[in-house]
Amino acid sequence: MFHQTIVRVRAGTKVDRGGNTVMDWAPDKVNRLPVSRVSVQPATQTEENDATRSQVITGWQVISAPGVDADIRADDRIEWSAMTLEVAGEVGRYLDFGDGSTHHIEFVMRRTTG
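Residues numbered from 1 in each chain as written. Predicted model: local features only at pLDDT ≥ 70, side-chain atom pairs only at ≥ 80, totals over all residues. Heavy atoms only, no water.

## Focus on the nonpolar core
The nonpolar side chains of a soluble globular protein tend to be buried, and buried together. For clarity, the threshold we go by: Nonpolar core, defined: a set of buried Ala, Val, Leu, Ile, Met, Phe, Trp, Tyr and Cys residues in which side-chain atoms within 4.5 Å join the residues together. Residue burial is assigned from relative accessible area. The probe radius is 1.4 Å, only protein chains are included, and a residue is buried under 20% of its type maximum, exposed over 50%, and partly exposed in between. Strands here mean DSSP runs of E at least two residues long; helices mean DSSP runs of H or I at least four residues long; both are numbered from the N terminus. Contacts are assigned to residue pairs with any non-hydrogen atoms lying within 4.5 Å of each other.
I6, V40, I72, I78, W80, F107 and M109 are the most contacted members of the largest nonpolar core, which has 19 residues in total. Among the secondary structure elements, those contributing two or more residues to this core are β4 (31-49), β5 (54-64), β6 (77-80), β7 (83-95) and β8 (102-113). In terms of residue count, β7 provides more of this core than any other element does, 4 residues in total. Contacts of I72, omitting those with residues within four sequence positions, involve I6, R8, R10, V35, I78, V87, V91, R93, I105 and F107.

So this is what it looks like as structure tokens:
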């Protein structure tokens, strides 16, 4: 079940014209971390239409194998299946009742088109 691999993509930082530190998604500034032993499953798909466009939001649930904890945050992106996706919300870390370590993680990633 946990036979897939995703790649966590984390932005670097830069200073903008106003002197603020902001995210830098330039390819040479990001940090990539492969995360194996995960299961990626379809979760949601919604479509919204207005006068100017149609928008489709597709989501996938990611669950790691027991014992896998990865450095993934809500502001990261995920590369999977030739797509770059957003982490939607916080990453859930489920604790092992025996020793209190992370048993596994779960999160939703999504893609918006349109």
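Next comes the rest of the description.
## Let's talk about the pattern of salt bridges
Put simply, the rule reads: Here, a salt bridge means any Lys or Arg side-chain nitrogen found within 4 Å of an Asp or Glu carboxyl oxygen.
For the structure shown, the criterion picks out 8 salt bridges. With a shortest N-O distance of 2.9 Å, R93 and D69 are connected by a salt bridge. Remark: D69 occurs in the loop between β5 and β6 and R93 occurs in strand β7; sequence separation between them is 24 residues. When its relative accessible area of 36% is taken as the criterion, R93 is described as partly exposed.

## Points about the sheet that holds β7
To keep things clear, this is the line we draw: Criterion used throughout: strands pair if DSSP finds at least two bridges between them. As a rule, the C-alpha atoms of each element are fitted with a line to give its axis, helices using only the stretch in contact, and angles between N-to-C directions run from 0 to 180 degrees.
Strand order in the closed barrel formed by 6 strands is β1-β4-β5-β8-β7-β6, and the pairing between neighbours is antiparallel. Going from strand to strand, the sheet's axes swing by 45° on average, the running direction of each strand aside. Bridge count between β7 and β8: 7 bridges; the pairing is antiparallel. Bridge assignment links Y94 to a residue of β8, and that residue is H104.

## A word on the environment of A82
The topology assignment puts A82 in the loop between β6 and β7. The exposure class of A82 is exposed, given its relative accessible area of 88%. Separated by 73 residues in the primary sequence, A82 and V9 have C-alpha atoms spaced 13 Å apart.

## Regarding the side chain of D76
In this structure, D76 sits in the loop between β5 and β6. What D76 contacts, discounting residues up to four positions off in sequence, is R8, V9, R10, W25, D71, E86 and V87.

## A few points about the side chain of S64
How we decide: Polar contacts, as counted here, are pairs of nitrogen or oxygen atoms within 3.5 Å of one another; within protein the pair requires one atom able to donate a hydrogen and one able to accept it, and residues that are adjacent in sequence qualify only if both atoms are side-chain atoms.
Within the fold, S64 resides in strand β5. According to the relative accessible area criterion, S64 is buried, its value standing at 1%. Among the polar contacts listed, one links the side chain of S64 to the backbone oxygen of V68, at a separation of 2.9 Å. Within the local environment of S64, its side chain forms a polar contact with the backbone nitrogen of I105, the two atoms lying 2.9 Å apart. Excluding residues within four positions of it along the chain, S64 makes contact with F2, R37, V38, H104 and I105.

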